[in-house]
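Okay, here's what each chain looks like letter by letter:
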Amino acid sequence: MKIVFMGTPDFAVPCLDICYENHEVIGVFTQPDRPKGRGKKLAAPPVKEKALKYGLDIYQPEKLKTPEMVTLLKELAPDCIVVVAYGQLLSKEILDIPERGCVNVHASLLPKYRGASPINWCIVQGEKETGITTMYMDVGLDTGDMIHKDVVSIGDDMSFEELYMALLPMGAQVLAKTLDAIENGSAPRIAQNDEESSYAPLLNKQNTMIDWHKSAGQIHNHIRGLNPIPVALTTYEGDRIKIFVSELTDMKTEQTPGTIINVSKSGLDVATGDGVLRLKEVQFPNGKRLAVSQLILGHNIEIGIVLGQ
RNA sequence: CGCGGAAUAGAGCAGUCUGGUAGCUCGUCGGGCUCAUAACCCGAAGGUCAUUGGUUCAAAUCCUUUUUCCGCAA
């Protein structure tokens, strides 16, 4: 099939590989280069880097919903448009262009966790399993009819990073299966049950701060679901510190939530709204990400200090 | 040149403001204690104080060049 591929971050790259290997990619759409990092350096999205290696035609429109882009896509005349974490919505006009429809790869078991950060939210909410869903796109946000679904289980201490690495190749596998089915006309159309849907909003600075009044289990999920991006935050004596890894304990306490009740090589034991959570890996300002056993060699962490104040 | 911070032993840090003997906690090595140990005791090795130039009798410390790293903001 002739495919137009739309995608931007790392997660979309293996999907581009699959399209390139099994089909004819006649155009790649990705977000424009943006100033990134500390200086102001212009950085190309990962999908663009890979498309350049393949020598594919690259388009980076600021806005996709323009008459020029619609005309361009009509001229390209793809059989199918594949969208993976592109970052822009497609209008009805564009959705109607490819004869075999527009396919989206989404990193959750739809209709749950529609939206921008499904992988993070699955862990934060303590889900036991998640997966990849492919669907025919419609004008809604991740609301189209589903095609294929693959499931992966989530371990109790699995971090976002680990789950992400598991889903990365899976996305490409499911996409490959889906494209084959579309090509030979055997792709199902399974409507989503909106009653069961939930939404995974983009994570921002507001919801990365740890609320120590929650239970140890909830905070543990929060920390591992945000590790390493965008990472759970709290404060220590006014300094913002990042928390990467935590561990559940059997301990109980009546201390104010956030209070450091013990410091050892094993970690920082912190009181929560329900139970005690042991912090294993943290990062202080100007410092590197450190295991607590390393941290306490040079930092004097005082018992009794209350985090998050 | 978006804003700010940092670079000191293998690791994590103090010392810099106020220039004057290179320090702490770990780790490593040797020895001791112990039924034994990641525990405890004694001892040792290990630094061109990131880099360039300057000021000074004297620079980790003050001024300056470059590089790298971190946080914020995007």
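Coordinates for the structure precede this section.
Along every chain, residues carry numbers that run from 1 in the direction the sequence is written. Following the order in which they are written, the chains are lettered starting with A and the ligands numbered starting with 1. With the structure being a predicted model, the display of local features is reserved for residues of pLDDT at least 70 and the display and counting of side-chain atom pairs for 80 or more, all residues being used for whole-chain, interface and lining totals. Calculation of side-chain values draws on the structure's entire complement of heavy atoms; hydrogens and water are dropped beforehand.

1. Here we look at the overall build of chain A
- Elements are defined by DSSP. Helices are runs of H or I of four residues or more, strands are runs of E of two residues or more, and each kind is numbered from the N terminus. Along chain A, the regular secondary structure elements total 8 helices and 17 strands.
- In terms of overall dimensions, chain A has a C-alpha envelope of 65 × 45 × 30 Å along the principal axes.
- Split into buried and exposed, the 309 residues of chain A put 50% on the buried side.
- In chain A, of all internal contacts separated by at least 6 residues, the share reaching a separation of at least 24 is 65%.
- For the area figures, the Shrake-Rupley method with a 1.4 Å probe applies, and any residue is considered shielded solely by the protein chains shown. For chain A, the exposed area adds up to about 15000 Å²; of that, 49% sits on carbon and sulfur atoms.
- Positive charge is attributed to Lys and Arg, negative charge to Asp and Glu, and no charge count is given to His or to the chain ends. In plain terms, the charge of a residue is placed at NZ if it is Lys, CZ if Arg, CG if Asp and CD if Glu. Side chains of chain A carry 31 positive and 39 negative charges; the gap between the two charge centres is 5 Å. When accessible area is computed with a 1.4 Å probe and restricted to protein chains, residues below 20% of their type maximum are described as buried, those above 50% as exposed, and intermediate ones as partly exposed. We call two residues contacting when some pair of their heavy atoms lies within 4.5 Å.

2. Overview of unusual backbone geometry
- At the junction of Leu 110 and Pro 111, the peptide bond is cis and its omega measures out at 10 degrees in the coordinates.
- Structurally, the position occupied by Pro 111 is in the loop between strand S7 (102-106) and strand S8 (114-115).
- A cis amide bond links Asn 227 with the next residue in sequence, Pro 228, at an omega value of 0 degrees.
- Looking at the element boundaries, Pro 228 is found in the loop between helix H7 (216-225) and strand S12 (232-236).
- For Ala 77, which is not a glycine, the phi torsion comes out positive at approximately 50 degrees.
- For Ala 77, the location among the structural elements is in the loop between helix H3 (67-76) and strand S6 (80-84).
- Positive phi, close to 70 degrees, is recorded for Asn 286, a residue that is not glycine.

3. Here we look at the protein's contact with RNA strand B
- Throughout, the term near means that a residue has one or more heavy atoms lying within 4 Å of the molecule or strand in question. Around RNA strand B lies a shell of 20 residues, among which Arg 38, Gly 39, Lys 40, Asn 286 and Gln 294 are the nearest.
- Taking all atoms of RNA strand B within 4 Å of the protein, the share assigned to sugar and phosphate is 57%.
- One of the side-chain N or O atoms of Arg 240 is found 3.5 Å from a phosphate oxygen in RNA strand B.
- Contact between RNA strand B and Gly 298: a sugar or linking oxygen at 2.8 Å from a main-chain N or O atom of the residue.
- For the surface near RNA strand B, the secondary-structure elements that each account for two or more residues are strand S13 (239-248) and helix H8 (292-298).
- A total of 4 residues in the surface near RNA strand B trace back to one element, the largest contributor, which is H8.
- Asp, Glu, Lys and Arg are counted as charged, while Ala, Val, Leu, Ile, Met, Phe, Trp, Tyr, Cys and Pro are counted as nonpolar; the rest, among them Gly, fall into the polar class. Taken together, the residues of the surface near RNA strand B sort by class into 4 nonpolar, 8 polar and 8 charged. Definition of a polar contact: a pair of N or O atoms within 3.5 Å, with one able to donate and the other able to accept a hydrogen when the atoms are protein atoms, and with sequence-neighbouring residues admitted only if both atoms are side-chain atoms.

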